[in-house]
Every structure is written in C-alpha cells, then in structure tokens.
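The residues making up each chain are set out below.
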Amino acid sequence: MASLTEQTEQADRDRAAAASRRFAALSLRRRKQTMELGAAAMRALSGRRGLHFRGTVLYHEEKPVVMPAPHLHPPTCDSAPASFRGAADGMALRLKKSDATLHKRLCPDTATRVLVFEMLEQFRAESLVDPAMPGVRANLNDRFQQWSREFEASPLIDTALGIILFTVAQVCRARITAEPMPPDFEDRIESTRMDLAPYIGIHLAALRRERFSQTGFAPHALAIAETVGAISEHLESREAKPARPKSRVPQFQLLFDQDGDDDHVPTAGYGQSDALQDGQGLYRQYTTSYDRQFQASDLIRAELLRGYRQQLDDDIARKGINVPRLGRALSEILAEDSQDGWDGDALEGRLDGSRLARLVTSSGDRRVFRTERIERRTEAKVTFLVDCSGSMKEYSAAVAALVDVYARALELAGARCEVLGFTTAAWNGGRAGKDWIRAGRPAYPGRLNEVRHLVFKDGDTPWRRARSGIAGLMKKDLFREGVDGEAVDWACARLAECGTGNDDSGRRILLVISDGSPMDGATGLANDSHYLEQHLKDVVTAHEVSGSAEIFGLGVGLDLSPYYRRNLALDLSQGTTPAVVNQVLGLLLRSR
Amino acid sequence: MPDHMVSVREVFNLDSDLMVAAFREADDHVPEADAAYRFNHDVTLAILAAFTRNRRMLLQGLHGTGKSTHIEQVAARLNWPCVRVNLDGHISRLDLVGRDTVVLKDGKQITEFQEGIVPWAIQRPVALILDEYDAGRPDVMFVIQRLLERDGKLTLLDQNRVLDVHPGFRLFATANTVGLGNLNGMYHGVQRLNHAQIDRWNIVAALNHPPAEDEIEIVLARVPEMDHPAGRDLVASMVAVAKLTRDGFKVGDLSTLMSPRTVITWAENIGIFGDPGKAFQLSFVNKCDQAEHGIIAEYFQRCFDRELEGPSSPGHVPDNAFAAAG
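In this text, all values refer to a predicted model and were calculated from it rather than measured experimentally. (Residues numbered from 1 in each chain as written. Chains lettered and ligands numbered in written order. Predicted model: local features only at pLDDT ≥ 70, side-chain atom pairs only at ≥ 80, totals over all residues. Heavy atoms only, no water.)

What to know about the overall build of chain A
No. 1: When helices and strands are counted, chain A shows 21 helices and 13 strands.
No. 2: Going through the 592 residues of chain A one by one, you find that 52% of them count as buried.
No. 3: Counting only contacts in chain A whose residues sit at least 6 apart along the sequence, the fraction spanning at least 24 positions is 77%.
No. 4: A total of about 26,800 Å² of accessible surface is found on chain A, and carbon and sulfur atoms cover 52% of it. (Helix = DSSP H or I, 4+ residues; strand = E, 2+ residues; numbered from the N terminus. Buried < 20%, exposed > 50% of the residue type's maximum accessible area, 1.4 Å probe, protein only. Contact = heavy atoms within 4.5 Å. Areas by Shrake-Rupley, 256 points an atom, 1.4 Å probe, with all protein chains shown as cover.)

Below, the structure written as structure tokens:
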C-alpha cells in the first residue's frame, strides 16, 4: 500500500517537473521572440543593419554597443514586453540622435558624473522622437516609469546619494522631454529638489532649449553632472569610513543591472576569461595525446544498437512526423538555381548553330534558338553537432529523434548531412589532469581533459546504412563533460573538407544542439570559469566572420544567444514533436 | 512647335527664374492636369530641361514613387502631347516599328505596312514615355538606341524609308533600376541594360520616396476628407509606418515596402473600414510574407501606440504543419 502511495507521489512530482520545464521553455521562446522583434524595430528606427542582441547585450555586427544609461536595462522582458520595447526604442534613438565619438570626448571621469551625464544624454535623445510616432514615446515613457518604480522600491533610494540621483533623473527627464512626472514622485522628491534648485536650476531651463544640439546641450548637462559629483564626494568624505569609497561603485552597478528575483529562464553564462587574456588570447590544450575520435557504432554492441533503433523508430512513429513533407520544405529552403545544359528548338534565346540549316530547309520554321536550362539543386552540407555532456542525458532520446528525422529529410532534399557528437573520456580531467598534477600544477595550463569526438553518421554514409549509428545517441553512459569550442572547430573543419563529388559551392550549415555552457570541471578550476565559454564564443565568431559556415545554436531549455548569433530555444520536454521540428525549420527559413 | 514661354515660378510654383517653352493649345494627347499634384523640385527642373533643351531623360526610382505621373503632369502644364508605352517583356521590335499586315482594299487582300508607335511619335511634337524601360527585351532596346541620338533618324528597313525626327519630339523613360538588374530580388523580370544604352541618355534623375511632409500632403490631396487636425496626425503616423517599412527593407528585415501609392490606398480604405488597423491589414500586411507580420506589427505599434490586431503571428507555419497526414 505504502509503495503505491509512493509511486503516485513520484508520478505527481514527475508531472510537476515536466510542467515547469514546459513552462520555462515556453516563456524562453516568448522572451526570445520579444527580443528579436525589439531588435528588428531598432534596426528600422536607427537605420542600422547588423544590430542584434546576445543575451541582453546589444551588438552591432560582432562588436558590443555600450548603453550605459541605467533605465535601458530591464531586468527581464517576460513580465512586461512593453518595457522591453521602451528600452529597445531608447537604444535606437540614442544610436540615431547622438554622436558617440563626440559623447565619448565630452564624457567626465568619475562614476557619478558619468552616470548623470549618460542619463541626460539619453533623455535628450529620447526627447527627439518623431511626433508621428506616439507609440515610441509611450514605450519610452513606460520603460522610464517602470525603472523609476524599481528604483523607488530598492534600498538605494534611502541613501543620501540615491535620492539625489533619483531626483535629478525625474526632474531632468520631465524638463527635457516635457512629459509630466507622476504626482507621488513629486511629493517624494520635493525637498531634495528644493535643495538642488539653486545649483542646477539655471541649467535645467537650458536643457530643453538646447536639446536639438549635442554640443549646445553638453555644457549644461556637464554642469549638472559636476554638481551631483561634488555632492557625492562631499557625502563620502563626511561619512569618513575608510572602506566606504570602494563600495560606492558596486552600488552604482546595482543601478545598471538591477538583478531582480531570478524567475526567468536562464541565459547561458558568459564572461571575460582572465586566463585567456593572460595567454595573449591564445587557447591552449595541455595535452592532446589522449584525444580520440570514434565511430559511435564501434563503441556500442550491435545488439544494443538494434534495441535503441527499435525504440527510436517507435518513438518517431508515435509522434507522427511527416518526413517527406519536411524534405520538400528543406529542399525549398536549401536549393539554389544552377545552370544545367541547354534547351533547344526555342523561338528566342541564343542562336543554335546546329539548327541553322532548318531556316533553309523549312522556311516557316524559326525554331533555331536555344535557352539555358535552369534547375534547382541542393548543394548544401548540414552538420548536427550534439553536446553529449552529462546534463543532456535526459534529452538523449528526443535529440536522437530530431536528428534522425532531419538526417532522413535532408537526404530526401539532396543535402549532405553529418551527425557528430562531443564528450570527454573521463570526469575531472582524466589522464590529462593527472599529468598536470604530476607536473606540479603549472599556472593556466589550458584545456585539461581527454576529448572524445564521436561520429554518429558521416556525410558519405546514406541514412539507411547510418540508422543504427544515429541510434547510438541514446546510449547515455557516453555522456560526460563537454568542450564546445574545439568541437565546433572540428565540425567546421569537416564541413570545409569536400566530400565525394561535391564541389565547394553551396551553403555549409552547422547546427549545435546543447543545453548549457561548455563544462569541464578540471579546466574550469585550473584556469577560470569563463575559459571555455570565451573560447567557444571566439571560435563561433571567427567562423562566422570568415564565412566558412553558418552556425546555429539550438538551446535545450537555455538561451544560447551569448555564443551563437543565430539561435533558437527548443522545448524538448515532450520529446521531438512536429512543433519542435517546425521550429528548427523556421530558424533555417529565416536565415535564408 | 512650342509657341510661347511660361515662367516656372508661376506654373509649377517652384523657386526658379527659369522660363520654359510651352504650347498655347492643348490637343487630345495632352494629359489632364491634376491640381493637387506636388512637384519634386529637382526632378521637375530635370524634366523641364529635357523638354526645353531636347534632352533624352531616364527617370529611376522604386515602385509607386510616381515617376511616369511626374512626367505627365509636367507635360500637362506645358500642353505638350504625351504618350506612354509599357515596355514589358512581350513587346517586340515589330510592335514598336511597325509590320506588314494583311488588309482588305477594294475587296482584295493586300499587304500594307502599318506604322508602330515609334514612327508615329517621332513625326509629331509628342513626348514618348517608355515605362518599365529596364523590363524591355534587349532586341527592342536597339530600336530605341538610334532615337536616343538627338538628331538620330529612324530607318525602316523593310520600307526603304528614312524618317526625320520632328523637332518637337521628346523621349523619356522610367525604370525601377538603373540597368543593374534585379539586385535586391524585388523586381523580377528586369534586365541588365547594355551600357551603351545607359550612356546615350542625356539626363538620368532619381525620384525617391518623398520627404515625410510632402508625402503627407500627397495623401491628403488624394483623400481630402482626412484633411482636418486629427486626420493629419493619423496620416503623419501612417507615413511614419511607411518610412519604417522602407528602412526595414533597407536593413534587410522586410522583403516588401510601402510605396506612397499604398499609403493612399490605405487612407482610402480607412474610409471604407473605419479603422486604421483593419485597413492597414487589408491594404499592406496581407501582401507581405507571413514571417514578417510580427515585425510589421511592431512598426505599427510604434506609430499608432496600439497593437495591430488580426490573424498575424510571428511564427511561420502552423505548429502541426509536419504532423503526418491522417
């Protein structure tokens, strides 16, 4: 009886976990959609091609664009898409209406002054919104109001400097944009405002008048920044606590990225790696002598593979995925026109010498021309690179089904398809790690582990013969840790190699399926935690810039945008459904 | 021939002291003048130069910017007869030059040469406008090549005739591209033009989308019932949406853009459906790729401060599109 209850409880727990995963994936998708639309609006408003988001950081082509004004960083865009729109519009106006080089030259040097000056310049840009676009104005206003509410709710507002910054922000924005301030704010800041009036009043009046000229506006903005800066220094000296001045700066950081409660779907971690910087940006492997590459089918007993294959076939049949139709859609996306011979006997086109005699023999017949025959043909090469790290075990069946369906459909479409995977041979560094310890743990050794690269299906093997190899993806004890950057390099190198009969034309596409940041415990400990992350990002950027391959990141329950410019969040909690297949197709469609 | 001079300042309301030749009498081929038409300053001066100084002029611009209309309206105010020919891919050399046809004369079948539009036009004081010039077939272009020379005579080979060009004949062409072919995928069927062709045009002008203020006036002139303060704001927002679609096209997010003509249609449809959002959906959104509806809805929100309703989803194909049938 007791075991029955336990079983039901366990089933309930599983259901709840599955539901929460589903919800997380759904909100991740919605969030990414909001961000993509925001970026599209931003590109049109600012007229700059190449703007996009990675995580929440704005990029222009491959360079991050700094947007230091604090209210442009909404903590999350799930709860209030309008607020995110406001931030995106604000960034677009800033890019369009403000000269970044001039701004940089004028910028003061201490943290408080920079903060105030940045804010004022942002308000100036926002005040220049086209009157024919009331929506932009409303979005900007929404965003600023929400930021103000968050500021008001934070402990920062109770500090002397906090209330001054809040007051300056409110008063200046109301002045510059001529948008009214909410009455409850008026009450809150009244006394501070009175205290400040003698110092900044005269400049306040000038701000709105000069808002059309960045150079005319700057002296007044700088004067206000100077006032606030001086007050802040005065406050600090009065508090006279030796440790205090240092801790000021992190408090301002709070303003930039107000980390709210962490209820949104995680974004892949990303940071600068000091270890990589110290080594002149050169990524190192401590030793490559233990790295191996295997055909997956050689590692698994044939008997076992047959079982996996049976399971996989049943699963795909149950999900009811229409592979031929997917194949047609893929060939629509991937095929390109190419010239293939000639069609003769045409009424117009190029003269066909061999038909000229016809003019003499039958004078009414003018079919002496030929035209070029254009055919659509798929020259694309597509590689799936599967992250076989421990956390992916849970999704191994779903990933196998997705990859199998696509491998079959790509073959129907005439594209060359490879299925690759990457993992490590051991945990915690393996033999490479032991060698490093034996050598006395030299600093910054680079990657420490035995990398395993697995080939589940290579490009020359047809799907029919590679079926059991693909099923090898379901063997969970292959899954250990992952070194993503090297794997991406390896997969791109395989893409660049010509297969049999294929010339160099056509698209080269790499789809990386992963549920997390690169993870290798020993390497992380011996270098620093961002070492592999930054290498992955560098590798992806290098391949994109050189144009050697189009790289897509398919994140399983994780936003991979920090690494992959083209990315998608997949919901595999229900396995591979027609909807999932369709999302991947949509990603390829959009990138055409 | 033109018989008197008129002042550009008076007739076209442009800031210029130029005097141009015009006809006193209008004949059947003179287009009707549109009092609400707004002239683009530079392009008008270029067209007037082409009329007065007998220059061959090619006017280039995106679709819907009113290239042919612009030339027609100038001709209308000069009382200059004007004929338009659309050079699509099916017009042949013989259509333009003329051909032998079988006719009945005194009860007998005889063949007779019938002049095409080109010999007809060049013997009269007529402005010939070749629309969609870049869609014309290469063999057709070489008929026109000779005419592009100012004193070029037209030779009818089958007739053994040489036609003199009337001093009042003028030649214009309009095109979506400057002979570079279908670079952005928007104009299928256009040809890359022979450079010798392009070289023979004396004036090449570009007519782009008008500045926002002008476009607002153009729309209001067409749809006068919107000419009140609230209507003006509405039109300003519509023009702003159109501008965003053009910028979106430029940065590669959209594959369709709104021409001023579409803005006018939209304004007219507001009169029918009563709601700007609904009319927008029917006049423009439904012409676009489903995948782009989400972005267009964002543009609409920016300019109207409300969401675009309707069956638009940012997804591409329904989620169950790849479920097995049955």
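Structural notes on the interface of chain B and chain A
Where interface size is quoted, it is often the accessible area lost as the parts come together.
No. 1: Chain B puts 31 residues into the contact, and the matching count from chain A is 33 residues.
No. 2: Both faces combined, the contact of chain B with chain A buries some 2,700 Å², and carbon together with sulfur accounts for 57% of it.
No. 3: Between Arg43(A) and Asp253(B) there is a salt bridge whose closest N-O contact spans 2.8 Å.
No. 4: There are nine residue pairs in polar contact (both at pLDDT 80 or more) connecting chain B and chain A.
No. 5: When contributions to the side of chain B that touches chain A are tallied by element, the ones reaching two or more residues are helix 9 (229-250) and helix 12 (293-304) of chain B.
No. 6: Considering every element that reaches the side of chain B that touches chain A, the biggest residue donor is helix 12 of chain B, with eight residues.
No. 7: Taken together, the residues that form the side of chain B that touches chain A break down as 16 nonpolar, six polar and nine charged. (Buried area = accessible area lost by both parts, 1.4 Å probe. Salt bridge = Lys/Arg side-chain N within 4 Å of Asp/Glu carboxyl O. Polar contact = N/O pair within 3.5 Å; in protein donor to acceptor, adjacent residues only side chain to side chain. Nonpolar A, V, L, I, M, F, W, Y, C, P; charged D, E, K, R; others polar.)

Notes on a nonpolar patch on the surface
No. 1: A grouping of Leu351(A), Leu356(A), Leu359(A) and Val360(A) is seen on the molecular surface, where their side chains present a nonpolar patch of about 370 Å² in accessible area.
No. 2: Here Leu359(A) lies in helix 14 (residues 357-361). (Patch = residues over 30% accessible without salt bridge, like charges linked within 9 Å, V, L, I, M, F, W, Y side chains within 5 Å.)

Quick look at the confidence of the model for chain A
No. 1: For chain A, mean pLDDT is 83; residues scoring 70 or higher make up 90% of the total.
No. 2: Low confidence marks residues 241-267 of chain A, where pLDDT is under 50. Its contacts with residues over four positions away, or in another chain, come to 42 contacts. (pLDDT = per-residue confidence, 0-100.)

Some words on the packing of helix 18 (residues 484-496) of chain A against helix 20 (residues 531-546) of chain A
All names here are of chain A.
No. 1: In contact at an axis separation of 7 Å, helix 18 and helix 20 are set at 25 degrees when each is read in the N-to-C sense. As far as their axial angle goes, helix 20 and helix 18 are roughly parallel. When you trace helix 18 past helix 20, the crossing you get is left-handed. Residues Asp484, Gly485, Glu486, Val488, Asp489 and Cys492 of helix 18 touch helix 20, and the partners they reach there are His535, Leu536, Val539, Val540 and His543.
No. 2: When its residues are assigned to classes, the contact of helix 18 with helix 20 shows five nonpolar, three polar and three charged. (Axes fitted to C-alpha atoms, helices over the stretch in contact; angles between N-to-C directions. Parallel < 35°, antiparallel > 145°, perpendicular 65-115°, else oblique. Left-handed = near helix turned anticlockwise from the far one by under 90°.)

Some words on the sheet that holds strand 11 (residues 203-206) of chain B
All names here are of chain B.
No. 1: Taken in spatial order, the five strands of this open sheet run 4-7-10-3-11, and their pairing is parallel. Of all the strands in the sheet, just strand 4 (82-86) and strand 11 have a single pairing partner and so form its edges. Going from strand to strand, the sheet's axes swing by 20 degrees on average, the running direction of each strand aside.
No. 2: Relative to strand 11, strand 3 (residues 57-60) runs parallel, the two sharing four bridges. (Pairing = 2+ DSSP bridges.)

Thoughts on helix 9 of chain B
No. 1: For helix 9 of chain B, built from 22 residues, the straight-helix expectation of 32 Å at 1.5 Å per residue is met to within 8% by its first-to-last C-alpha distance of 32 Å.
No. 2: Downstream of helix 9 of chain B by a residue or two, Gly252(B) has a phi angle that is positive, lying close to 90 degrees. (Expected span 1.5 Å × (residues − 1).)

So, the sheet that holds strand 5 (residues 335-346) of chain A
All names here are of chain A.
No. 1: Taken together, three strands build an open sheet; the order of strands is 5-7-6 and the sheet is antiparallel. Each of the sheet's edge strands pairs with one partner strand only, and the pair in question is strand 5 and strand 6 (350-351).
No. 2: Running over the sheet, helix 13 (residues 323-334) touches strand 5 and strand 7 (369-378) and is turned about 80 degrees from strand 5.

Some points on the pattern of salt bridges
No. 1: Taken as a whole and assessed by the stated rule, the structure comprises 49 salt bridges over all chains.
No. 2: Among the ionic pairs, Asp291(A) bridges to Arg447(A), the shortest N-O distance being 2.8 Å. Of this pair, Asp291(A) sits in the loop between helix 10 (274-278) and strand 4 (292-295) while Arg447(A) sits in the loop between helix 16 (430-438) and strand 10 (451-457), placing them 156 residues apart in sequence.
No. 3: Judged by its relative accessible area of 22%, Asp291(A) is partly exposed.
No. 4: In this structure Arg447(A) comes out as buried when scored by relative accessible area, which is 0%.
No. 5: Across the pair Glu550(A) and Arg507(A) runs a salt bridge whose closest N-O atoms are separated by 2.9 Å. Of the two residues, Glu550(A) is situated in strand 12 (residues 550-556) and Arg507(A) in the loop between helix 18 and strand 11 (508-514); the sequence distance between them amounts to 43 residues.
No. 6: You can call Glu550(A) buried: its relative accessible area is 15%.
No. 7: When its relative accessible area of 12% is taken as the criterion, Arg507(A) is described as buried.
No. 8: Salt bridges here are not isolated pairs; linked through shared partners, they connect Arg85(A), Asp89(A), Glu298(B), Arg302(B) and Glu307(B).

Things to note about the side chain of Ser283(B)
Residue and element names in this part refer to chain B.
No. 1: Among the structural elements, Ser283 can be located in helix 11 (residues 276-283).
No. 2: By relative accessible area, Ser283 is classed as buried at 4%.
No. 3: Only 3.2 Å separates the side chain of Ser283 from the side chain of Asn269, close enough to count as a polar contact.
No. 4: When neighbours within four sequence positions are excluded, Ser283 is seen to be in contact with Thr262, Thr265, Trp266 and Asn269.

Observations regarding empty space enclosed by the protein
Residue and element names in this part refer to chain A.
No. 1: Evaluation of the coordinates by the stated rule reveals two cavities of 30 Å³ or more.
No. 2: Its volume calculated, the largest cavity comes out at about 50 Å³.
No. 3: Lining the largest cavity are Asn141, Phe144, Gln145, Gln170, Arg173, Ala174, Thr177, Glu179, Pro180 and Met181.
No. 4: Taken together, the elements giving at least two residues each to the lining of the largest cavity come down to helix 5 (134-153) and helix 6 (160-177).
No. 5: Of all the elements, helix 6 adds the most residues to the lining of the largest cavity, at four residues. (1 Å grid on protein atoms, 1.4 Å probe; cavity = no way out; pocket = protein on both sides within 12 Å on 5 of 7 lines; lining within 4 Å. Points joined across faces, edges and corners; volume = space filled by probe spheres on them.)

Regarding the packing of helix 13 of chain A against helix 21 (residues 578-590) of chain A
The axes of two packed helices give the description: the angle between them and the distance between them.
Residues and elements named next belong to chain A.
No. 1: Put simply, helix 13 and helix 21 touch, their axes get as near as 10 Å, and they point 10 degrees apart. When the interaxial angle is binned, helix 13 and helix 21 end up roughly parallel. Side by side, helix 13 and helix 21 meet where Leu326, Ala329, Leu330 and Ile333 of the first sit next to Val581, Leu585, Leu588 and Leu589 of the second.
No. 2: Of the residues contributing to the contact of helix 13 with helix 21, the split by class is eight nonpolar, no polar and no charged.

Thoughts on the packing of aromatic side chains
No. 1: Going through the model one piece at a time under the given rule, you end up with 20 aromatic pairs over all chains.
No. 2: Taking 5.4 Å as the distance between ring centres and 90 degrees as the angle between the ring planes, the aromatic pair formed by Phe123(A) and Phe144(A) counts as edge-to-face. Residue Phe123(A) is located in helix 4 (residues 111-127), and its partner Phe144(A) is located in helix 5; the two are separated by 21 residues in the primary sequence. There is no split in this pair, since Phe123(A) and Phe144(A) are both buried.
No. 3: Taken together, a centroid distance of 5.3 Å and an interplanar angle of 15 degrees make the contact between Phe280(B) and Phe300(B) stacked. (Phe/Tyr/Trp six-rings, centres within 6.5 Å; stacked < 30°, edge-to-face > 60°.)

Some points on the state of the cysteines
One covalent bond between the sulfur atoms of two cysteine residues makes up a disulfide.
All names here are of chain B.
No. 1: Per the counting criterion, the structure on display carries zero disulfides over all chains.
No. 2: No disulfide involves Cys288; its sulfur sits 15 Å from that of Cys303, the nearest cysteine.
No. 3: Relative accessible area serves as the criterion here: at 8%, Cys288 is assigned to the buried category. (Disulfide = S-S within 2.5 Å.)

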